[in-house]
Amino acid sequence: MSASGGTRAIVAALGANLAIAASKFVAFAFSGSSSMLAEGVHSLADSGNQFLLLIGGKKAQREATPQHPFGYGRERYIYAFLVSIVLFSVGGMFAIYEGYEKIRHPHELEHWYWPVAVLVFAVCAEGFSFRTAIKESNELRGRLSWAEFIRRAKAPELPVVLLEDFGALIGLVLALLGVGLSLLTGDGVWDGIGTVCIGVLLVLIALVLAAETKSLLLGEAAGADVVRQIEAALVDGDSVPRVIHMRTLHLGPEELLIAAKIAVRHDDTAVEIATATDAAEARIRAAVPIARVIYLEPDIYSETEAAKGPDPEATPGGPNPHPTPGH
């Protein structure tokens, strides 16, 4: 993912949300609409989320240290996970509580034109932010569907902004329906129902974001296309005839760790093996520029060993080769 593309989408969303939050709170002050209050808190929470994403992006650029030898690329995942928590707690749960209170104690809307005008303005502003996020995402999405892009993206910023803006637009429609039905029926309960619906929507979006960023925090492998590129770069048919096995791990959205055992000829000298390994590493870096950390282990390929399949004791999460008593 282009970091600049993600930053543009974040800044566009931040500007839109700050302007919208201010207008919603003004509308709430004049009309007493709980939908407006919930939407105002939602926009304020979204603004805080954009600040978190910008902070995460900045912290991820720090140089590696002896204590953190693989750098700080995962800072972006951590802050994206915090965004899902803020969206769930501040945005979703507050809206559900506020809507519940409004259903229990409904009151007639005053100065109805304030919330309606603000909602129309908010739809336009959120539409601009959503359009920017879509434009930046399309440059990276390729042939993936939107659902696949959100699930497979290794950089969290654009999926987060896309889901936030999409949720905001749906929430604005729900707020308009709540305010409109309250005006038509003279019953403020509809405003409360609209607020609860907004809260439920935000909770659902937060859960999706939490699930996706949790997977990134745990550590995801490179995509299938990237894995094929790496394998093609490793094998040259002569000095490296095949890849015995390989593991990949994203250290960050734009940082990839590659560990592979490569086959060499049984009669190669130490110099020839070292030369072949260096050449294979250079080919990987040329084919996949985000390959920052590469570990290659030369070995003699054995069909007998290959037929046994992967060794579970050599796999993270596999059985402990030296179990302690009671385990």
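Refer to the structure presented above.
Everything numeric here is computed off the predicted structure, so don't read it as measured data. (Residues numbered from 1 in each chain as written. Predicted model: local features only at pLDDT ≥ 70, side-chain atom pairs only at ≥ 80, totals over all residues. Heavy atoms only, no water.)

Draft legend 1. The arrangement of the overall build of the chain in detail. Each helix and strand in the chain was counted, giving 10 helices and three strands. Scanning the chain from its N terminus toward the C terminus, one meets helices and strands in the order α-α-α-α-α-α-α-α-β-β-α-β-α. At 26 Å, the chain has a C-alpha radius of gyration far larger than the 20 Å of a compact globule built from 327 residues. Overall size of the chain, expressed as C-alpha extent along the three principal axes, is 90 × 50 × 35 Å. Scored against the burial criterion, the 327 residues of the chain give a buried share of 42%. Long-range contacts, defined as pairs at least 24 residues apart, comprise 74% of the intrachain contacts of the chain with a sequence gap of at least 6. When the accessible area of the chain is evaluated, it comes to approximately 16,700 Å², of which 64% is carbon and sulfur surface. (Helix = DSSP H or I, 4+ residues; strand = E, 2+ residues; numbered from the N terminus. Rg over C-alpha atoms; globule rule 2.2 N^0.38 Å. Buried < 20%, exposed > 50% of the residue type's maximum accessible area, 1.4 Å probe, protein only. Contact = heavy atoms within 4.5 Å. Areas by Shrake-Rupley, 256 points an atom, 1.4 Å probe, with all protein chains shown as cover.)

Draft legend 2. Main features of the packing of helix 3 (residues 75–104) against helix 7 (residues 189–218). Interhelical geometry of helix 3 versus helix 7 gives an angle of 165° and a closest axis separation of 7 Å. Classed by the angle they form, the pair helix 3 and helix 7 counts as roughly antiparallel. The element helix 3 and its partner helix 7 pack so that their crossing is left-handed. Of the residues belonging to the contact of helix 3 with helix 7, the class tally is 24 nonpolar, eight polar and four charged. (Axes fitted to C-alpha atoms, helices over the stretch in contact; angles between N-to-C directions. Parallel < 35°, antiparallel > 145°, perpendicular 65-115°, else oblique. Left-handed = near helix turned anticlockwise from the far one by under 90°. Nonpolar A, V, L, I, M, F, W, Y, C, P; charged D, E, K, R; others polar.)

Draft legend 3. Molecular detail of the pattern of salt bridges. Tallied over the full model, the rule gives 15 salt bridges. The partner of Glu 75 in a salt bridge is Arg 62, and the shortest N-O contact between them spans 2.3 Å. Here Arg 62 lies in the loop between helix 2 (34–59) and helix 3 and Glu 75 lies in helix 3, a separation of 13 residues in the sequence. The buried category is assigned to Glu 75, whose relative accessible area is 14%. Residue classification places Arg 62 among the partly exposed positions, given a relative accessible area of 37%. Residue Arg 265 is joined to Asp 238 by a salt bridge in which the shortest nitrogen-to-oxygen separation is 3.4 Å. (Salt bridge = Lys/Arg side-chain N within 4 Å of Asp/Glu carboxyl O.)

Draft legend 4. Here's a closer look at the sheet that holds strand 3 (residues 291–299). In spatial order, the strands read 1-2-3; together these three strands make up an open sheet with mixed pairing. The open sheet has two edge strands, strand 1 (243–252) and strand 3, and neither has a second partner. Strand-to-strand twist of the sheet, defined as the mean angle between neighbouring strand axes without regard to direction, takes the value 10°. Strand direction decides the pairing type here: strand 1 and strand 2 (residues 255–263), joined by eight bridges, are antiparallel. Residue pairing across strands places Gly 252 opposite Glu 255, the latter belonging to strand 2. Relative to the sheet, helix 8 (residues 224–234) contacts strand 1, strand 2 and strand 3, its axis offset from that of strand 1 by approximately 130°. (Pairing = 2+ DSSP bridges.)

Draft legend 5. Just the nonpolar core, in detail. With 37 residues, the main nonpolar core has Leu 53 and Val 161 as its most contacted residues. Looking at this core, the elements with two or more residues in it are helix 1 (3–31), helix 2, helix 3, helix 4 (113–141), helix 5 (146–152), helix 6 (157–185) and helix 7. Among the elements that make up this core, the one with the highest residue count is helix 6 (nine residues). Look past the residues within four positions of Val 161 in its chain and what remains in contact with it is Ala 9, Ile 10, Ala 13, Leu 53 and Ala 133. One finds Leu 234, Ala 276, Val 288 and Leu 296 within the second-largest nonpolar core, a separate group that totals 17 residues. (Core = buried A, V, L, I, M, F, W, Y, C linked by side-chain atoms within 4.5 Å.)

Draft legend 6. Broad picture of the pairing of strand 3. As paired strands, strand 2 and strand 3 are joined by eight bridges and run parallel to one another. Each residue of the ladder has a partner; that of Ala 260, found in strand 3, is Leu 296. Crossover connection from strand 2 via helix 9 (residues 270–287) to parallel strand 3: handedness right-handed. (Right-handed = clockwise from strand over helix to strand, strands pointing away.)

Draft legend 7. Layout of the packing of aromatic side chains. The final tally for this structure, using the stated rule, is two aromatic pairs. For the ring pair Trp 146 and Phe 149, a centre distance of 6.2 Å and an interplane angle of 90° mean the geometry is edge-to-face. Pair noted here: Trp 146 and Phe 149 are both in helix 5, with a separation of three residues, about one helical turn. On the accessibility criterion, Trp 146 (33% relative accessible area) is partly exposed. Over the aromatic face of Tyr 72 sits the side chain of Arg 62, whose NZ or CZ is 3.9 Å from the ring centroid. A cation over an aromatic ring shows up here: Arg 141 above the ring of Trp 146, its NZ or CZ 4.0 Å from the ring centre. (Phe/Tyr/Trp six-rings, centres within 6.5 Å; stacked < 30°, edge-to-face > 60°. Lys NZ or Arg CZ within 6 Å of the ring centre and 35° of its normal.)

Draft legend 8. How the structure looks around helix 4. Its 29 residues place the ends of helix 4 40 Å apart at the C-alpha level, agreeing with the 42 Å of an ideal helix rising 1.5 Å per residue. Gly 142, located one to two residues past helix 4, shows a positive phi value of around 65°. (Expected span 1.5 Å × (residues − 1).)

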